[in-house]
Amino acid sequence: MVKFAKTFKSFPQQRKKDIPGGLWIKCKKCGEVLYKKSWEESFRVCTKCQYHYPLPSADRIALIADPGSFREIDADLQSCDPLEFEGPKTYKAKLKEDQKATGLKDAVVTGEAQLDGMDIVLGVTDSRFMMGSMGSVVGEKLTRAIERATQRSVPVLLVSGSGGGARMQEGMLSLMQMAKTSAALARHAKAGQLYISILTDPTMAGVLASFASLGDIIIAEPGALIGFTGPRVIEQTIRQKLPEGFQRSEFLLDHGLIDKIVPRAEIKPTLSQVVGQLCG
């Protein structure tokens with residue numbers, strides 16, 4: 001028998017190239033691994049399951065308004081601490097924390113803009129700031145924006161992404177904003193002006209129970225959670241299993257609460273068509 005000697009050549013070990021972190025994300029709904037740049041270019045929508053992630057207010061404005069047309073109003077308004085709210089974290093501390101993290105003064109950005117050359121007033125709540133909850137500043141800014149639209153006789157478009165409802169740290173002052181924004185919209189409607197409400201994931205509680213559900217036309221993104229109280233709380237209260245997809249956009253469209261479901265990439269042409277037909 002012939003014996004073959006095994007010889008091994010020693011190769012110098014090559015160092016693996018460092019791969020920068022943050023290039024990929026995993027879809028929290030379907031588990032697909034997504035290239036972050038492509039995900040951002042698709043407006044933060046999963047390219048596999050079409051899950052619509054929350055969108056920061058600046059990106060939402062860029063998605064709707066014509067480039068360079070948005071002029072922010074009431075940018076310096078910020079909440080005080082009327083109840084001197086304590087707890088694990090004080091209200092003042094939470095406000096400062098979210099202001100630093102988001103670069104916003106509060107949970108809504110409002111301003112004048114153009115949509116395919118048509119004048120509009122636009123407001124966008126941002127879920128990154130205290131879950132987009134509505135305190136006195138959010139209510140005041142939205143009311144001023146609606147009143148500005150009424151004075152200028154232009155449509156008002158409000159995008160809601162508020163999972164926090166009315167802001168408990170401001171007590172009754174927060175709940176008052178539900179009536180204040182609703183009254184401003186009633187005056188806007190009486191003046192014969194258009195209001196379009198765009199609901200995103202999530203739109204809940206006091207926000208839905210006031211301005212978000214009062215649109216002449218209500219549009220929602222696919223799969224958005226929309227309701228007053230979350231499905232888990234409802235199930236625990238009534239001790240019954242809720243229908244599949246309860247409180248999601250598709251369920252609410254079937255039951256008449258909203259008028260249309262529009263994917264994020266199609267929102268600007270859809271809004272432009274509606275505003276052009278009704279206000280052109």
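Structure: above.
Everything numeric here is computed off the predicted structure, so don't read it as measured data. Numbering of residues starts from 1 in each chain and follows the order in which that chain's sequence is written. It should be noted that, the model being predicted, local features are given only for residues of pLDDT at least 70 and side-chain atom pairs only at 80 or more, the latter also being counted only at that level, while totals for whole chains, interfaces and linings use all residues. The basis for every side-chain value is the complete set of heavy atoms in the structure, and neither hydrogens nor water enter the calculation.

1. A few points about the overall build of the chain
Segments assigned H or I by DSSP are reported as helices when at least four residues long, segments assigned E as strands when at least two residues long, and all are numbered from the N terminus. Broken down by element type, the chain carries 9 helices and 11 strands. Its C-alpha radius of gyration of 23 Å places the chain more than 25% over the 19 Å reference for a compact globule of 280 residues. Each residue is placed in one exposure class: buried if its accessible area under a 1.4 Å probe, protein chains only, is under 20% of its type's maximum, exposed if it is over 50%, and partly exposed if it falls in between. Looking at the chain as a whole, 44% of its 280 residues qualify as buried. The contact criterion used is simple: two residues touch if any of their non-hydrogen atoms lie within 4.5 Å. Long-range pairs, those at least 24 residues apart, make up 67% of the contacts in the chain between residues at least 6 apart in sequence. Total accessible area on the chain stands at roughly 15,600 Å², and carbon and sulfur atoms take up 55% of it. For this count, His and the chain ends are skipped, Lys and Arg are scored as positive, and Asp and Glu as negative. All charge positions are set by atom: Lys at NZ, Arg at CZ, Asp at CG, Glu at CD. Of the side-chain charges in the chain, 37 are positive and 31 negative, and the distance between the mean point of each set is 10 Å. Using C-alpha atoms as the atom set, the radius of gyration is obtained and then compared with a globule rule of 2.2 Å times the number of residues to the power 0.38. Methods summary: accessible areas were calculated by the Shrake-Rupley approach with a probe of 1.4 Å, and residue burial reflects only the protein chains presented.

2. With respect to the pairing of strand β7 (residues 195-199)
Among the 5 residues of β7, 5 are classified as buried, and the element is accordingly described as predominantly covered. The alternating pattern of β7 places Tyr195, Ser197 and Leu199 on one face and Ile196 and Ile198 on the opposite face, and all of these are buried. In this description, strands pair whenever DSSP reports at least two bridges between them. Inspection of the sheet shows strand β6 (residues 156-160) paired to β7 by 5 bridges, in the parallel sense. Each residue of the ladder has a partner; that of Val159, found in β7, is Ile198.

3. Points about the packing of helix α4 (residues 136-152) against helix α5 (residues 171-190)
The axes used here are C-alpha line fits, helices contributing only the stretch in contact, and every angle between their N-to-C directions lies in the interval 0 to 180 degrees. For the pair α4 and α5, the least separation of the axes is 9 Å and the interaxial angle reads 5 degrees. As summarised for this structure, α4 and α5 are arranged roughly parallel, according to the angle between their axes. Together, Ser136, Gly139, Glu140, Leu142, Thr143, Ile146, Glu147, Ala149 and Thr150 of α4 and Gln177, Lys180, Thr181, Ala184, Leu185, Arg187 and His188 of α5 make up the contact between the two elements. For the contact of α4 with α5, a count of residues per class yields 5 nonpolar, 7 polar and 4 charged. To sort the angles, those under 35 degrees are grouped as roughly parallel, those over 145 as roughly antiparallel, those from 65 to 115 as roughly perpendicular, and the leftovers as oblique. Three residue categories are used. Nonpolar comprises Ala, Val, Leu, Ile, Met, Phe, Trp, Tyr, Cys and Pro, charged comprises Asp, Glu, Lys and Arg, and polar comprises the others, including Gly.

4. Overview of α5
Taking 1.5 Å per residue, 20 residues should reach 28 Å; α5 reaches 30 Å between its end C-alpha atoms and fits that length. Those residues of α5 that sit buried are Ser174, Gln177, Thr181, Ala184, Leu185 and His188. In the core, the buried residues of α5 are packed alongside α4, β6 and β7. At the exit of α5 stands Gly192, carrying a positive phi of roughly 80 degrees. The span you would expect from a helix comes to 1.5 Å times its residue count less one.

5. Notes on the packing of aromatic side chains
The aromatic pairing rule takes the rings of Phe, Tyr and Trp, using the six-membered ring of Trp, and pairs them if the centres are within 6.5 Å, calling planes under 30 degrees apart stacked, those over 60 edge-to-face and the rest tilted. Under the counting rule described, the total for this entry stands at 2 aromatic pairs. The interplanar angle of 50 degrees and the centroid separation of 5.2 Å between the aromatic rings of Trp24 and Tyr35 together place this pair among those described as tilted. Of the two residues, Trp24 is situated in strand β1 (residues 24-26) and Tyr35 in strand β2 (residues 33-35); the sequence distance between them amounts to 11 residues. A residue is classified by how much of its surface remains accessible, and Trp24, at 51% relative accessible area, is exposed. Using a relative accessible area of 36% as the deciding quantity, one classes Tyr35 as partly exposed. Taking the centre distance of 5.3 Å and the plane angle of 85 degrees together, the rings of Trp39 and Tyr53 count as edge-to-face. With Trp39 in helix α1 (residues 36-41) and Tyr53 in the loop between α1 and α2 (57-64), the pair connects residues that are 14 residues apart, well separated along the chain. Residue classification places Tyr53 among the buried residues on the basis of a relative accessible area of 11%.

6. Some remarks on the state of the cysteines
Throughout this description, disulfide means a covalent bond between two cysteine sulfur atoms. In this description, the term disulfide denotes a pair of cysteine sulfurs within 2.5 Å. Under the criterion given, the structure shown has 0 disulfides. Its sulfur unpaired, Cys30 is 3.7 Å from the next cysteine sulfur, which belongs to Cys49. Under the relative-accessibility criterion, Cys30 is labelled partly exposed at 31%.

7. Focus on the pattern of salt bridges
Here, a salt bridge means any side-chain nitrogen of Lys or Arg that lies within 4 Å of a carboxyl oxygen of Asp or Glu. Throughout the structure, instances matching the rule amount to 18 salt bridges. Ionic pairing is found between Arg248 and Asp201, a salt bridge with its closest N-O pair at 3.7 Å. With a gap of 47 residues between them, Arg248 in the loop between α7 (231-238) and α8 (249-254) and Asp201 in the loop between β7 and β8 (203-204) connect regions that are remote in the sequence. Within this structure, Arg71, Glu112, Asp119, Arg148 and Arg152 form a network of salt bridges that share partners.

8. Remarks on a nonpolar patch on the surface
Exposure above 30% relative accessible area and no salt bridge define the residues that can form patches, which grow by joining like charges within 9 Å and nonpolar side chains of Val, Leu, Ile, Met, Phe, Trp and Tyr within 5 Å. A cluster of nonpolar side chains, namely Leu23, Trp24, Val33 and Tyr35, defines an oily patch on the protein surface of about 390 Å² accessible area. Relative to the helices and strands, Leu23 resides in the segment before β1. Given a relative accessible area of 30%, Leu23 falls into the partly exposed group.

Take it as geometry only, folks, not as evidence of what the structure does.
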